[in-house]
Amino acid sequence: TTANELARAAPPFSAAVPTAEALRAALAAQASPSLPVVDDDPTGTQTVHGVAVRADWADLSGELRSDKSCFYLLANTRALDEAAAVARIREIGRELRRGGPRLVVSRSDSTLRGHFPAEVDALADGLGWRRPLVLVAPQFFGGGRVTADGVHYVLGAPADGDRPATPAGETEFARDRAFGYRRSRLAEWVAEKTRGSADYAHTWHLSLHAIRGGVRAVQDAFEAALLDETVRAVCVDGLEDRDMLVVASGLKAAMAAQRGALHARGGVVVRSAGSAVAALTGMPPKPFLGREALSPSSGGGLVVVGSYTQKTSAQLAELRRRCGWLDAVEVDVGEVLADAEGAVARASAAAA
């Protein structure tokens, strides 16, 4: 399977679907109150800019009243065991509860790693939500993470105008030592991660056919899901930003139309990667950093490599190949932890 094959098999957008720009502008205009994003890893802000990022969660009143479209809480729970992660997320939920949000993002990995459903359930518990609707949206279009016909794919490196599309369950990410899994179809992945729990037994799939049929079709689907309390999770498709913008528009319209059902459930938790956050807030895209931003006159920069996968190593090698004009100095985190002053001295000498 390739990216082009997935695109050709997908239905076209209905003529009634606004452009991505129009959808984004409408969502940005209604991005109030500020959307809380509880992030399980420091990489979660890849698709946003100009927002607050906090590594503590004591007194969030300022963020909850902010006119910014969203704010991030760096929980870093992917680095914790499940018990510690649950305790931290429940504490964050209690702090957020003071502001009374009805929509919260649990931002996680675009390749399906992380504490699911433990974090979602702990967040709902802290917020005091009885039975929230969970939207599963792991798409990260900029990183080649897409979903079609309910199957989540990881796109490979471009070649001859196309990209290989590998089901997520067949990638190195699925063999992660802490968060491994086998299923690539999102509804089956939910069943796998919840160990067949009756609480998540009724999971819906929102297809590209529905999404590209228009915002009204998506709104109707979410209204039905909110009203039917046997439905705990909705897994969504998406191949491009416009798909996720339609999903975000339909979700917000459904929440406004079914306030009674929404309040009875407590709210909606979006378990997502980066693309859903950008869509929900109407965040305009920002171009990648160019050479001018990384030139010697800028004072240099810091690239933090926090993943041990082969893909990350390949990305770092490609960065160094493309930016041969940069003098790269490698700093080993283990050395910093063992001897911070010595590591800094060695790095400074190498960069001199």
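## Examining unusual backbone geometry
So, step 1. Of the consecutive residues F116 and P117, the connecting peptide bond is found in the cis state with omega at 5 degrees.
So, step 2. Examined against the element boundaries, P117 turns out to sit in the loop between β4 (103-107) and α5 (118-127).
So, step 3. Although it is not a glycine, D160 sits at a positive phi angle of roughly 55 degrees.
So, step 4. Position of D160 among the secondary structure elements: in the loop between β7 (151-155) and β8 (165-167).
So, step 5. Of note in this structure, R195 is not a glycine but carries a positive phi near 55 degrees.

## Here we look at the nonpolar core
So, step 1. Counting residues in each nonpolar core, the largest one holds 55 residues, and the members touching the most others are F222, V234, V236, L251, V268 and V270.
So, step 2. Here this core takes eight residues from helix α9 (residues 241-257), the largest share from any one element.
So, step 3. Residues contacting L251, with those up to four places away along its chain left out, are L103, L135, V218, F222, V268, V270 and L280.
So, step 4. V86, V104, V120 and A168 belong to the second-largest nonpolar core, a separate cluster that totals 35 residues.

## A word on the packing of aromatic side chains
So, step 1. Going through the model one piece at a time under the given rule, you end up with two aromatic pairs.
So, step 2. Considering the side-chain rings of F116 and W189, the 4.9 Å spacing of their centres and the 20 degrees angle between planes classify their relative orientation as stacked. Placement of the pair is F116 in the loop between β4 and α5 and W189 in helix α6 (residues 186-193), with a sequence separation of 73 residues.
So, step 3. Look at W189 and you get buried, because its relative accessible area is 3%.
So, step 4. Ring geometry for F116 and Y200: centres 6.0 Å apart, planes at 65 degrees, overall edge-to-face. In this pair, F116 is assigned in the loop between β4 and α5 and Y200 in the loop between α6 and β9 (203-206), connecting sequence segments 84 residues apart. The residues F116 and Y200 share a single accessibility class, namely buried.
So, step 5. Every member of this aromatic cluster is reached through a ring pair, and the members are F116, W189 and Y200.
So, step 6. Over the aromatic face of F13 sits the side chain of R242, whose NZ or CZ is 4.1 Å from the ring centroid.

## A short note on empty space enclosed by the protein
Any empty space left between the atoms is revealed when a probe the size of a water molecule rolls over them.
So, step 1. Summed over all chains, the structure comprises two cavities of 30 Å³ or more.
So, step 2. There is about 70 Å³ of room inside the largest cavity.
So, step 3. Contributing to the lining of the largest cavity are S108, D109, L112, R113, F116, V136, P138, W189, R271 and S272.
So, step 4. One number sums up the size of the second largest cavity: a volume of about 40 Å³.
So, step 5. In terms of lining, the second largest cavity is formed by L135, M244, V247, A248, L251, V270, A276 and L280.
So, step 6. Looking at the lining of the second largest cavity, the elements with two or more residues in it are α9 and α11 (274-281).
So, step 7. The element best represented in the lining of the second largest cavity is α9, accounting for four residues.
So, step 8. Considered class by class, the residues forming the lining of the second largest cavity number eight nonpolar, no polar and no charged.

Conventions and cut-offs
In this numbering scheme, every chain counts its residues from 1 along its sequence in written order. Residue-level local features of this predicted model are given only where pLDDT is at least 70; pairs of side-chain atoms are given and counted only at 80 or more, and the full residue set underlies all totals for whole chains, interfaces and linings. Side-chain numbers come from the whole structure's heavy atoms, not from hydrogens or water. Per the convention used, a helix needs a DSSP run of H or I reaching at least four residues, while a strand needs a run of E reaching at least two, with both numbered from the N terminus. Nonpolar core, defined: a set of buried Ala, Val, Leu, Ile, Met, Phe, Trp, Tyr and Cys residues in which side-chain atoms within 4.5 Å join the residues together. Think of it in three bands: residues with accessible area under 20% of the maximum for their type are buried, residues over 50% are exposed, and the middle band is partly exposed, with areas taken using a 1.4 Å probe on protein chains only. Residue contacts are defined here by distance: any two heavy atoms, one from each residue, within 4.5 Å place the two residues in contact. Note on aromatic contacts: the rings of Phe and Tyr and the six-membered ring of Trp form a pair at centre separations within 6.5 Å, being stacked when their planes are under 30 degrees apart, edge-to-face when over 60 apart, and tilted otherwise. Whether a charge lies above a ring is judged from NZ of Lys or CZ of Arg, which has to be within 6 Å of the ring centre and within 35 degrees of the ring normal. Residues are said to line a cavity or pocket when one of their atoms sits within 4 Å of a point; the points come from a 1 Å grid over protein atoms alone, cavities being sets where a 1.4 Å probe fits but cannot get out and pockets being open sets with protein on both sides within 12 Å along at least five of seven lines. Grid points are joined across faces, edges and corners, and a volume is the space filled by probe spheres set on the points. Only Asp, Glu, Lys and Arg are considered charged, only Ala, Val, Leu, Ile, Met, Phe, Trp, Tyr, Cys and Pro nonpolar, and every remaining residue, Gly among them, polar.

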